[in-house]
Amino acid sequence: MATDPIEALLAQLGPDADHRDAERLFRDAGWQPCGAGDWARALRSPEGKVVVRISPFDPTGPYTAELYRDAAGTGQVPRLFAHRRLAGGGDLQIMEWLREADEADAVAFHALIADGAPEIATLVDSIRRIHARAQAELPWCGPLDENPSNVMRGGDGRLVLTDPYYADGPALYETAASDPDAVAASIPAEERRFMTEIPLACSGPWADESRAEMKRGLDAADARRAAQG
């Protein structure tokens, strides 16, 4: 039986692989950078039909992957081929290649979601159910993201919703800077090891010294927690 090429590639990532290991593996396999946002970078497969999204730190990644699986039958979310958590709090998703949708179409699609329109009722149910759990389980989970750029088109032209869940970055990172003990108490250290390495391609730049200062503060908070037992 032929081995699935995606599965074969992922099999080369050890259990302790982080976002750097993942990006290096895909680049070595010929995947090319094709975009970056605040939380992740993307690489496109050599044949151009598949994309891998790699984030150093993404608490909402598992909920997004769950949505893609749960609502797959609607055709209104991207086709997800693989999802894997990475060491240090990172996230990896492999999905179909998407292209931008016209803004008017994207805004109209978001309006259908907000209204719970019958033609997308199954999708809306999945979105709301999984989001409610994310808000209950995740510190700093934000509201649903209604950015038009999160509505895209699949290769067959259909409209799909991407990345509707996100951590409230401004609030989370402001707290990490001003009260690192609060973040250390809410998010396990292993789940935020690379918290200061997100790309911030849209909201940045983020000065290296500022990143380093935040990391020092979080490390000190972790040390205080360890000392307290």
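Residues numbered from 1 in each chain as written. Predicted model: local features only at pLDDT ≥ 70, side-chain atom pairs only at ≥ 80, totals over all residues. Heavy atoms only, no water.

Thoughts on helix H2 (residues 19–28)
Every buried residue of H2 is listed here: His 19, Ala 22, Glu 23, Leu 25 and Phe 26. Axial view of H2: buried residues confined to an arc of 160°, hence all on one face. Where H2 begins, the side chain of Asp 18 points an oxygen toward the backbone nitrogen of Arg 20, at a separation of 2.9 Å. Gly 30 lies just past H2 and shows a positive phi near 95°. (Buried < 20%, exposed > 50% of the residue type's maximum accessible area, 1.4 Å probe, protein only. Helix = DSSP H or I, 4+ residues; strand = E, 2+ residues; numbered from the N terminus. Arc of directions from axis to C-beta. Polar contact = N/O pair within 3.5 Å; in protein donor to acceptor, adjacent residues only side chain to side chain.)

Topic: the pairing of strand E2 (residues 41–44)
Sheet topology places strand E1 (residues 32–36) next to E2; 4 bridges connect them, and they run antiparallel. Pairing of Pro 33 across the sheet is with Leu 43, part of E2. One ladder, built from 4 bridges, connects E2 with strand E3 (residues 50–55); its direction is antiparallel. Opposite Leu 43, over in E3, you have Val 52 as the bridge partner. Between E2 and E3, which pair antiparallel and follow one another directly, the connecting turn spans 5 residues, one of which, Gly 48, has a positive phi of 85°. (Pairing = 2+ DSSP bridges.)

Some points on the side chain of Thr 196
With respect to the element layout, Thr 196 can be found in the loop between helix H7 (180–186) and helix H8 (208–228). You can call Thr 196 buried: its relative accessible area is 10%. Apart from residues no more than four positions distant in its own chain, Thr 196 is found in contact with Trp 206, Arg 211, Met 214 and Lys 215. (Contact = heavy atoms within 4.5 Å.)

A word on unusual backbone geometry
Geometrically, the link from Gly 204 to Pro 205 is a cis peptide bond, its omega value of 5° lying close to zero. Within the secondary structure, Pro 205 is located in the loop between H7 and H8. Here the phi dihedral of Asp 163 falls at roughly 45°; this positive angle occurs in a residue that is not glycine. Along the chain, the position of Asp 163 falls in the loop between strand E8 (159–161) and helix H6 (169–178). Take Asp 163: its relative accessible area is 25%, and that puts it in the partly exposed class. The backbone phi angle of Leu 200 is positive, close to 50°, even though this residue is not glycine.

Examining the sheet that holds E2
Taken together, 5 strands build an open sheet; the order of strands is E1-E2-E3-E5-E4 and the sheet is antiparallel. Since the sheet does not close on itself, it has two edges, and those belong to E1 and strand E4 (80–86), each with one partner. For this sheet, the mean angle separating the axes of adjacent strands, direction not counted, is 20°. Contacts from H2 reach E1, E2, E3, E4 and strand E5 (90–96) within the one sheet, and its direction differs from that of E3 by about 155°. The strands touched by helix H3 (residues 61–70) within the sheet are E4 and E5, with E4 carrying the most contacts at an inclination of about 160°. (Axes fitted to C-alpha atoms, helices over the stretch in contact; angles between N-to-C directions.)

Structural notes on the environment of Arg 85
Take Arg 85: it is sitting in strand E4. Distance from Arg 85 to Pro 15, taken between C-alpha atoms, is 9.5 Å for residues 70 residues apart in sequence. A distance of 2.7 Å separates a polar side-chain atom of Arg 85 from the backbone oxygen of Asp 58. A distance of 3.3 Å separates polar atoms of two side chains, one belonging to Arg 85 and the other to Glu 191.

Side note on H6
Since one α-helical turn is 3.6 residues long, residues separated by three or four positions face the same way. When we look at burial in H6, the residues that qualify are Gly 169, Leu 172, Tyr 173, Thr 175 and Ala 176. The buried residues of H6 all sit within an arc of 155° when viewed along its axis, so they share a single face. In this structure, H6 carries Pro 170, Glu 174, Ala 177 and Ser 178 as exposed residues pointing more than 90 degrees from its buried face. Lining the buried residues of H6 we find H7 and H8.

Section: the packing of aromatic side chains
Enumeration over the complete set of coordinates arrives at 4 aromatic pairs. Taking the centre distance of 6.1 Å and the plane angle of 35° together, the rings of Trp 39 and Phe 57 count as tilted. Taken as a pair, Trp 39 in the loop between E1 and E2 and Phe 57 in the loop between E3 and H3 lie far apart in primary sequence, 18 residues in all. An aromatic cluster is defined as three or more aromatic residues linked by ring pairs; in this entry it consists of Trp 39, Phe 57, Tyr 173 and Trp 206. Of note, Arg 44 hangs over the ring of Trp 97, and the distance from its end group to the ring centre comes to 3.5 Å. (Phe/Tyr/Trp six-rings, centres within 6.5 Å; stacked < 30°, edge-to-face > 60°. Lys NZ or Arg CZ within 6 Å of the ring centre and 35° of its normal.)

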